[in-house]
Amino acid sequence: MLLVDRIQRFQALLEMIAPVPKDWLGEPKRDGQTRAAEGLVCVPCESYKQLENSWKKAMKWTDGLSHGLTFMLAVTTSTKSVGTQLWGKVFSPAGGGKTTLAEAVSVAREYVYPKDSLTGLFSGYQIDGAGSQDFSMINSINGKTLIIKDADTIIQNAALPAIISQFRALYDRSIRTQFKNKMSRDYEGISATVLFCGTSSMKQLDSSELGERFLDCWLMEKIDEDLEDEINWRVINRADRNLALEANGKPENRQDPEMTAAMQLTGGYVNYLRLNAQDLLSQVDGSDDAKRTCINYGKFVAFMRARPSSTQDETAEREFSARLVEQHWRLAKCLAVVLNKKDVDKEVLKRTRRVALDTAKGQTLEIVKQIYKTKEAGAEMAAISLRTNISEDKTRQLVKFLRQIGVVELFTPSTKGRAKTPRWRLTERLRDLYRDVVGRDHG
């Protein structure tokens, strides 16, 4: 065969070469791994009651898990709505169920982008002879909910300040960066909700003085031994049944059938909520009383989440509550949609209040709680320290700060003939706010 003929045949072979279809390889990840293209199929679902019943068959269903699931679904529902974005942190002890819920919501891959951990929103920008390509994760999360299943690893990352700065910019829907090869990119109009799942160590993320963007949701604050024993009994019996089953590699056979069914319905429900979010939200009514209640939630969280500055002593201040008020109202309406309601009713407000109290958790709230219990009698500094189990020096620092932002005041009880030690009590405004949010009998 002549050389010319060989060249022509070789060229013909080259023209037959085509890229491997993406569905053969699975979706590429930035870390070089691949995710199997075949995942759990979303089963259509338009009823939260139906969804919750499926979860009750799959596992020991608790109020905390219900609280967490509705919160995560509400965050997902809000993704494309105009206004202040609704982001959340989901807490529980290890093994408390947060990862299971995160995996279930992540079944709806069209609207949810799951990651096991995170090192930043940008991965690099490549330029070659064929053009350029941006590998940044931010391109994949626009219009979706980013779920980080193990957000505790973010705290251990040396680049934590830079990561938090990126998310702060993402929250405002406009983020700019410059890559190491001196290429720069501006990302405008990004709508993406975020859910961080982890243990209580994630509370370190609240130390930012620039205003936290997340609301908090606790599935379980501490382990209840009776509940643990009941769950353990269910788990060991499920494990006994599953030992006789063989995993054949298909997504439907990787776990207990009831769990698979619950996850598939969850994915289907996420699809339903996202496809119909704006229509469903427009049908939810909210009374003026409900709005005032959410205003109180936002103000209360702004006071309780405030902390003394770690960088300066010149001024003491808290964040302005407007963003928190909007987030709580947005949460309330999205919870109403999730629960298939047409009104922000008592149940919806009860769930919204629980998120507000979860977000307010911390040493500041504990101090305020103990002072509130003393009513008009007030409390001495040493007594506050003893009741809260916080060192007296730290208690003194926090109480001084609370005084500066108008939460507590110092007074001397009336006495007959002998001096008394000054005491601390809540200001009238904060006493009323605490009673309205936490409850008269829940000091």
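Computed from a predicted model, the values in this text were never measured in an experiment.

A. The overall build of the chain, seen in detail. Counting secondary structure elements, the chain contains 18 helices and 13 strands. Within the span of the chain, comprising 443 residues, buried residues form 47% of the whole.

B. Looking closely at the sheet that holds strand 7 (residues 145-148). Ordered in space as 4-7-10-3-11, the 5 strands form an open sheet in which the pairing is parallel. The strands lining the two open edges of the sheet, one partner per strand, are strand 4 (112-115) and strand 11 (214-218). Between one strand axis and the next, the sheet turns by 20° as a mean value, whatever way the strands run. As judged from the 5 bridges shared by strand 3 (residues 87-91) and strand 11, these two strands associate in the parallel manner.

C. Up close: the pattern of salt bridges. Per the counting criterion, the structure on display carries 19 salt bridges. One salt bridge connects Arg423 with Glu380, and the closest N-O pair in it is separated by 3.9 Å. Of this pair, Arg423 sits in strand 13 (residues 423-426) while Glu380 is found in the loop between helix 15 (363-373) and helix 16 (381-388), placing the two residues 43 residues apart along the sequence. Looking at Arg423, the relative accessible area reads 27%, which means it is partly exposed. You can call Glu380 partly exposed: its relative accessible area is 30%. Ionic pairing is found between Asp393 and Arg396, a salt bridge with its closest N-O pair at 3.5 Å. Of this pair, Asp393 and Arg396 both sit in helix 17 (residues 392-404), 3 residues apart, which is roughly one turn of that helix. When its relative accessible area of 60% is taken as the criterion, Asp393 is described as exposed. According to the relative accessible area criterion, Arg396 is partly exposed, its value standing at 40%.

D. Representation of the nonpolar core in the model. If you look at the biggest cluster of nonpolar residues, it comprises 91 residues, and the most contacted ones within it are Trp55, Phe300 and Val407. The biggest single contributor to this core is helix 13 (residues 322-338), with 9 residues. Discounting chain neighbours no more than four positions away, the residues touching Val407 are Phe303, Met304, Val368, Leu402, Arg425, Leu426, Thr427 and Leu430. Core analysis: the second largest hydrophobic core is formed by 26 residues, Ile138, Ile154, Ile155 and Leu170 among them.

E. Expanded view of helix 13. Taking 1.5 Å per residue, 17 residues should reach 24 Å; helix 13 reaches 24 Å between its end C-alpha atoms and fits that length. Where burial is concerned, most of helix 13 is hidden: 14 out of the 17 residues are buried. Positive phi shows up at Asn340, right after helix 13, with a value of about 60°.

F. Seen up close, the packing of helix 15 against helix 17. Between helix 15 and helix 17, the least distance of the axes is 11 Å, while the angle of their chain directions is 80°. In terms of orientation, helix 15 and helix 17 fall into the roughly perpendicular class. Residues Gln363, Thr364, Ile367 and Val368 of helix 15 form the contact with helix 17, whose participating residues are Lys394, Thr395, Leu398, Val399 and Leu402. Counted by class, the contact of helix 15 with helix 17 contains 5 nonpolar, 3 polar and 1 charged residues.

G. Quick peek at the environment of Glu188. Tracing the chain through its elements places Glu188 in strand 9 (residues 184-188). Here the alpha-carbon distance between Glu188 and Ile175, two residues 13 residues apart in the chain, equals 6.6 Å.

H. Layout of helix 3 (residues 48-58). Among all positions of helix 3, only Tyr48, Leu51, Glu52, Ser54, Trp55 and Ala58 are buried. Mapping the buried residues of helix 3 onto a view down its axis gives an arc of 155°, with all of them on the same face. In helix 3, the exposed residues that point more than 90 degrees away from the buried face are Lys49 and Lys57. In this structure Ser47 caps helix 3, since a side-chain oxygen of it lies 3.3 Å from the backbone nitrogen of Lys49.

I. Geometry of the state of the cysteines. Applying the stated criterion across every chain, the model contains 0 disulfides. Free of any disulfide, Cys197 has its nearest neighbouring cysteine sulfur in Cys217, separated by 9.3 Å. Residue Cys197 is classed as buried on the basis of its relative accessible area, which comes to 0%.

J. How the structure looks around the pairing of strand 13. Here strand 13 shows one buried face, formed by Trp424 and Leu426, and one open face, formed by Arg423 and Arg425. When strand 12 (residues 408-411) meets strand 13, the two strands line up antiparallel, connected through 4 bridges. If you follow Leu410 over to strand 13, its bridge partner there is Trp424.

K. View of the packing of aromatic side chains. Counted by the stated rule, this structure contains 11 aromatic pairs. Centroid distance Tyr269 to Tyr272: 5.9 Å. Interplanar angle 20°. Geometry classified as stacked. Pair noted here: Tyr269 and Tyr272 are both in helix 10 (residues 257-275), with a separation of 3 residues, about one helical turn. The exposure classification of Tyr269 matches that of Tyr272, with both residues buried. For Arg318, the ring lying beneath its charged end belongs to Phe303, and the centroid distance is 4.0 Å. Directly above the aromatic system of Phe411 lies the positively charged group of Arg425, at a separation of 4.0 Å from the ring centroid.

L. Up close: the side chain of Arg274. Locating Arg274 in the fold gives a position in helix 10. The charged side chain of Arg274 is buried without a salt bridge, its nearest counter-charge being Glu110 at 8.2 Å. In this structure the side chain of Arg274 is engaged in a polar contact, spanning 2.9 Å, whose partner is the backbone oxygen of Gly143. Excluding anything up to four places from it in sequence, Arg274 contacts Thr76, Thr77, Thr79, Lys80, Tyr111, Gly143 and Lys144.

M. The confidence of the model for the chain, seen in detail. Residues at a pLDDT of 70 or more form 73% of the chain, whose mean pLDDT is 81. Considering only residues more than four positions removed or in separate chains, one finds that residues 20-37, a stretch of pLDDT under 50, has 13 contacts.

Criteria and thresholds
- Residues numbered from 1 in each chain as written.
- Predicted model: local features only at pLDDT ≥ 70, side-chain atom pairs only at ≥ 80, totals over all residues.
- Heavy atoms only, no water.
- Helix = DSSP H or I, 4+ residues; strand = E, 2+ residues; numbered from the N terminus.
- Buried < 20%, exposed > 50% of the residue type's maximum accessible area, 1.4 Å probe, protein only.
- Pairing = 2+ DSSP bridges.
- Axes fitted to C-alpha atoms, helices over the stretch in contact; angles between N-to-C directions.
- Salt bridge = Lys/Arg side-chain N within 4 Å of Asp/Glu carboxyl O.
- Core = buried A, V, L, I, M, F, W, Y, C linked by side-chain atoms within 4.5 Å.
- Contact = heavy atoms within 4.5 Å.
- Expected span 1.5 Å × (residues − 1).
- Parallel < 35°, antiparallel > 145°, perpendicular 65-115°, else oblique.
- Nonpolar A, V, L, I, M, F, W, Y, C, P; charged D, E, K, R; others polar.
- Arc of directions from axis to C-beta.
- Polar contact = N/O pair within 3.5 Å; in protein donor to acceptor, adjacent residues only side chain to side chain.
- Disulfide = S-S within 2.5 Å.
- Phe/Tyr/Trp six-rings, centres within 6.5 Å; stacked < 30°, edge-to-face > 60°.
- Lys NZ or Arg CZ within 6 Å of the ring centre and 35° of its normal.
- Lys, Arg positive; Asp, Glu negative; His and termini not counted.
- pLDDT = per-residue confidence, 0-100.

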